[in-house]
Amino acid sequence: MSRKTNRKRIRSSAFSRRASPGSAPGTLIVDPNSPRPIMHVMAYGQERVVEKDIDNVQAIPEFLSKYPVTWVRVTGLGDLSIVTQLGELFGIHRLALEDVLNVHQRPKVEQYNNHCYIVLRAVRQEEGFGSEQISIFLGKNFVLSFQEQPGKYFDPVLDRIREGKGRSRTAGPDHLTYALVDAAIDGYFPVLERYGEKLEELEDAIVSQPTGKFFEQIHEMRHGLLALRRAAWPLRETMNILHREPIPLIDEEERVYLRDCYDHVVQIIDLLENYRDVTSGLMEVYLSSISNRTNETMKVLTVISAIFLPPTLIAGIYGMNFEHMPELKWMLGYPYSIVLMAVLSVAMVLYFKSKGWWS
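These numbers come from a predicted model, not from an experiment. (Residues numbered from 1 in each chain as written. Predicted model: local features only at pLDDT ≥ 70, side-chain atom pairs only at ≥ 80, totals over all residues. Heavy atoms only, no water.)

Counting its regular elements, the protein contains 10 helices and seven strands. A total of 359 residues make up the protein; the buried ones form 43% of that total. In the protein, the proportion of contacts linking residues at least 24 apart, taken out of those at least 6 apart, comes to 66%. Surface summary for the protein: the accessible area is close to 19,900 Å², and the carbon and sulfur share equals 55%. (Helix = DSSP H or I, 4+ residues; strand = E, 2+ residues; numbered from the N terminus. Buried < 20%, exposed > 50% of the residue type's maximum accessible area, 1.4 Å probe, protein only. Contact = heavy atoms within 4.5 Å. Areas by Shrake-Rupley, 256 points an atom, 1.4 Å probe, with all protein chains shown as cover.)

Written out as structure tokens, the structure reads:
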């Protein structure tokens, strides 16, 4: 399947999961193509960490009662009953659950009575561009996260908690939420670095040897950068809300870290804008290179045609074979005509070189 067809399929499937017009608010519809949820629980305090894969939501309250922070990580959205049970257990608003399942949401922050809902878009480390929705619920003693597909976005966070580095175990769930947000945002930088390397390679190749294949590559780059821009631009507003507006579940100490995330988002957007400008410039360079190459080819063909014009004229005159043409019965007529053609051709070459038309 081509990239273009794959992008069209992904885009259409994302919007087909919406409830039909007029449906009641909070209508939950699961994508039948989504993988079945895998639930992983990490509960920890300053002295101890417990991890466990579970298949029953009823096992979660035991962790909530014993540990200061419980992180429930859900990978896959293909089972409505599990999502509904998790919503009932943590008191998640029905509208928030609807947004979890409709994975075309813009990055945003919403506050409810007992939790804060954060939507992000994380980029996948793959050829081309891919992104998915990350939903994070921050509560008093828990963090509940949903992601569409298995991914390694949060592996560094898991490792820090296991090893007890920094404030990972001593801080509350708001610090864990910051760590998840930071990991999702930092995932943009390797993708942008890859785009930067490709742009440099394209620029060198286009200048040295422009061919038709570069047009498709530039178009793919532009499409990928546009998709990245759509995912990253709303993050700026989201992070601005998290580090500026009063959210009861986030301590003031954590706002300093969230401000750092905001700075990272600004850097990402700046890089995106620069790369978009470079890509537009590459398209202009490509079109100019193709035009110059065409002009050079036309110049060479024109010069060659002009050089062969006098011999063609002479051959045409002597090819008419009129009866009273004096040179037809001359013994030196043939070599004379050949020499005349060669002399005129050399003379025209020397003339073109003197004018700078023949390099």
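Looking now at the sheet that holds strand E4 (residues 108-111). Here seven strands make up an open sheet; going across it, the order is E2-E1-E3-E7-E6-E5-E4 and the pairing mixed. Two strands close off the open sheet at either side, each with one partner strand: strand E2 (49-54) and E4. The average angle at which neighbouring strand axes cross in this sheet is 15°, direction not considered. Where strand E6 (residues 131-138) lies against strand E7 (residues 142-147), five bridges are found, and the strand directions are antiparallel. Along E7, the bridge assignment pairs Ile136 with Ser145. Against the sheet, helix H6 (residues 173-186) touches strand E1 (38-44), strand E3 (69-75), strand E5 (116-123), E6 and E7, its axis set at about 170° to E6. Relative to the sheet, helix H8 (residues 213-244) contacts E4 and E5, its axis offset from that of E5 by approximately 150°. (Pairing = 2+ DSSP bridges. Axes fitted to C-alpha atoms, helices over the stretch in contact; angles between N-to-C directions.)

Quick look at the pairing of E2 now. The two faces of the sheet receive side chains in turn, since in a regular strand these alternate between them. Relative to E2, E1 runs antiparallel, the two being bridged by six bridges. Bridging from a neighbouring strand, Ala43 pairs with Val50 of E2. Counted along the chain from E1 to the antiparallel partner E2, the turn is four residues long.

What follows is about the packing of H8 against helix H9 (residues 252-318). Axis separation between H8 and H9 bottoms out at 8 Å; the angle between their running directions is 160°. Classed by the angle they form, the pair H8 and H9 counts as roughly antiparallel. Crossing angle aside, the handedness with which H8 passes H9 is left-handed. Looking at side-chain class alone, the contact of H8 with H9 contains 23 nonpolar, three polar and eight charged residues. (Parallel < 35°, antiparallel > 145°, perpendicular 65-115°, else oblique. Left-handed = near helix turned anticlockwise from the far one by under 90°. Nonpolar A, V, L, I, M, F, W, Y, C, P; charged D, E, K, R; others polar.)

Time to look at empty space enclosed by the protein. Going through the model one piece at a time under the given rule, you end up with one cavity of 30 Å³ or more. As a volume, the largest cavity reaches approximately 30 Å³. Lining the largest cavity are Ile118, Asp174, Thr177, Tyr178, Val181, Leu242, Ile250 and Leu258. If one sorts the elements of the lining of the largest cavity by residue count, H6 sits on top with four residues. Partitioned by chemical class, the residues of the lining of the largest cavity number six nonpolar, one polar and one charged. (1 Å grid on protein atoms, 1.4 Å probe; cavity = no way out; pocket = protein on both sides within 12 Å on 5 of 7 lines; lining within 4 Å. Points joined across faces, edges and corners; volume = space filled by probe spheres on them.)

Before going further, it helps to spend a moment on a nonpolar patch on the surface. Taken together, the side chains of Trp330, Met331, Leu332 and Tyr336 make up a nonpolar region of the molecular surface, amounting to roughly 480 Å² of accessible area. Within the secondary structure, Leu332 is located in the loop between H9 and helix H10 (333-354). Since its relative accessible area comes to 47%, Leu332 is described here as partly exposed. (Patch = residues over 30% accessible without salt bridge, like charges linked within 9 Å, V, L, I, M, F, W, Y side chains within 5 Å. Salt bridge = Lys/Arg side-chain N within 4 Å of Asp/Glu carboxyl O.)

With that out of the way, let us pick up the nonpolar core. General note: in soluble globular proteins, nonpolar side chains tend to be found buried as a group. Ranked by internal contacts, the top residues of the largest apolar core, which has 59 residues, are Trp71, Leu176, Leu228 and Met239. Judged by nonpolar contacts, the second largest core, of 31 residues, contains Tyr67, Val74, Leu97 and Phe142. (Core = buried A, V, L, I, M, F, W, Y, C linked by side-chain atoms within 4.5 Å.)

Where side chains of opposite charge bring their charged atoms close, a pairing between them can arise. Applying the stated rule across the entire model yields 12 salt bridges. Through salt bridges with shared partners, a single network forms among Glu51, Asp159 and Arg162.

Below, the discussion takes up the packing of helix H7 (residues 188-208) against H8. Remark: H7 packs on H8, axes separated minimally by 11 Å, with the N-to-C direction vectors making an angle of 155°. By the angle class used here, H7 and H8 are roughly antiparallel. Pair H7 / H8 crosses with left-handed handedness. On H8, the residues that touch Tyr188, Val191, Leu192, Tyr195, Lys198, Leu199, Leu202, Ala205 and Ile206 of H7 are Phe214, Gln217, Ile218, Met221, Gly224, Leu225, Leu228, Ala231, Ala232 and Leu235. In the contact of H7 with H8, the residues fall into 16 nonpolar, two polar and one charged.

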